[in-house]
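Examining the three-dimensional arrangement
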Amino acid sequence: MASDDEAPEDQRPTTVDASPAAAVRPSVPRADERSIPVEFTAPKPSHQPKHAAPEPTVDIVESGPPRHRRRERLERLRARPGTRFLLPGVLIAAVLTAAGVAGAVVVPAASKPRADATPSGPAPDGTNGLPPETGVPATGEAPQPDDPSASPTFSPPAGTRQRPADVYGAWAAPRSVRLDIPVVALQAYGYAEAVAARSTPKCHLTWTTLAGIGKIESDHGRTNGSVLQDDGRSIPPIVGPPLDGQNNRQAIPDTDQGAMDNDRTWDRAVGPMQFLPTTWKQYGLDADADGVADINDIDDAALTSAAYLCSNDRDLSTVAGWNAAIHAYNVPEEYRAAVFNATNDYGRRDRQG
């Protein structure tokens with residue numbers, strides 16, 4: 001592969017600025033390099049993060065004067081004229097007030113959902129009634145192909161440039177303006193959801209989760225001046241910082257001789273969905289039927305992300321499954337929260353129209 005100095009200026013890789021969210025990504029064991037069909041069977045990664053934390057206990061501490069002093073005050077109050085009929089009402093009011101205060105302290109802690117709880121149903125605002133740290137993000141409307149008879153594994157006729165994801169053009173076009181996501185990226189996310197629904201129906205992956213990851217990883221292939229082309233490729237290619245152990249990044253020596261990331265010393269995350277070379281070698285898929293699984297192509301990268309997220313029999317409609325999928329993609333909790341917020345925002349805005 002040519003070096004950066006030899007390549008035309010508009011073809012040189014764009015390097016993503018280092019940040020804690022995009023810096024730490026677990027490598028995946030290398031697999032054989034045989035071709036993987038578009039209708040994928042998801043492999044099983046070894047990473048199994050643990051998230052649930054025990055609920056804090058609530059201690060109610062009694063305050064006020066000692067009990068014998070309260071009894072003395074009560075006796076003096078009862079001895080005063082006009083208080084015999086007032087005192088029972090005051091006591092009832094005091095009991096009701098105390099009960100209300102105790103309820104306000106204890107009920108939220110007792111009713112707060114566990115981190116591994118599954119929402120019983122969506123709230124009117126689409127948030128499942130749970131805060132971001134425990135809920136499943138809102139989903140958008142399911143992708144609808146322009147031709148209802150189109151198959152999720154449609155392939156264009158030989159010699160044409162049509163992408164299989166083009167069948168979602170009418171579905172993606174209005175959302176592109178409303179959500180500020182390139183049409184070609186939305187088509188890729190919608191197509192990946194459709195393929196995942198057919199290949200791994202128990203995964204329940206939605207295009208909004210892929211869009212949330214795409215937003216955080218590369219702004220849908222547009223980070224640092226890159227432009228997402230009509231064929232799905234980002235120009236210049238997007239390459240992350242070296243995984244050299246600096247600035248809280250993992251230290252991962254080069255595994256691809258610089259073939260994907262142009263770095264023969266360290267590995268780097270590459271493409272609009274920021275895959276490591278080792279992960280791409282195991283999961284990389286050809287979604288646009290051009291005969292190449294291209295890490296820099298949003299079609300191939302989105303479908304590969306779907307295969308990776310759905311691996312290990314995850315169910316992304318549950319809190320535990322969704323969190324595990326995002327943590328497998330990138331470890332830090334700050335990353336999971338950022339993807340959650342982006343995913344939830346897309347889902348709510350899409351349903352609100």
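Notes on the structure follow.

What counts and how
Residues numbered from 1 in each chain as written. Predicted model: local features only at pLDDT ≥ 70, side-chain atom pairs only at ≥ 80, totals over all residues. Heavy atoms only, no water. Helix = DSSP H or I, 4+ residues; strand = E, 2+ residues; numbered from the N terminus. Buried < 20%, exposed > 50% of the residue type's maximum accessible area, 1.4 Å probe, protein only. Salt bridge = Lys/Arg side-chain N within 4 Å of Asp/Glu carboxyl O.

So, about the environment of G245. Secondary-structure assignment places G245 in the loop between β4 (238-239) and α7 (277-283). Taking the relative accessible area as the measure of exposure, G245 reaches 35% and is therefore partly exposed.

For the rest of this paragraph, the subject is unusual backbone geometry. Between I235 and the following residue, P236, the backbone shows a cis peptide bond with an omega angle of -10°. The topology assignment puts P236 in the loop between β3 (234-235) and β4. Phi is positive for D313, which is not a glycine, with a value near 60°. By secondary structure assignment, the location of D313 is in the loop between α8 (298-310) and α9 (319-329).

Using the criterion set out here, one finds 13 salt bridges in the structure. We note a salt bridge from R222 to D219, for which the minimum N-O separation is 3.0 Å. Using a relative accessible area of 23% as the deciding quantity, one classes R222 as partly exposed. Here D219 falls in the partly exposed class, since its relative accessible area comes to 23%. The partner of D244 in a salt bridge is R249, with the nearest N and O atoms 3.0 Å apart. In this pair, the class of D244 matches that of R249, namely buried. Residues participating in the shared-partner salt-bridge network are D180, K215, D219 and R222.

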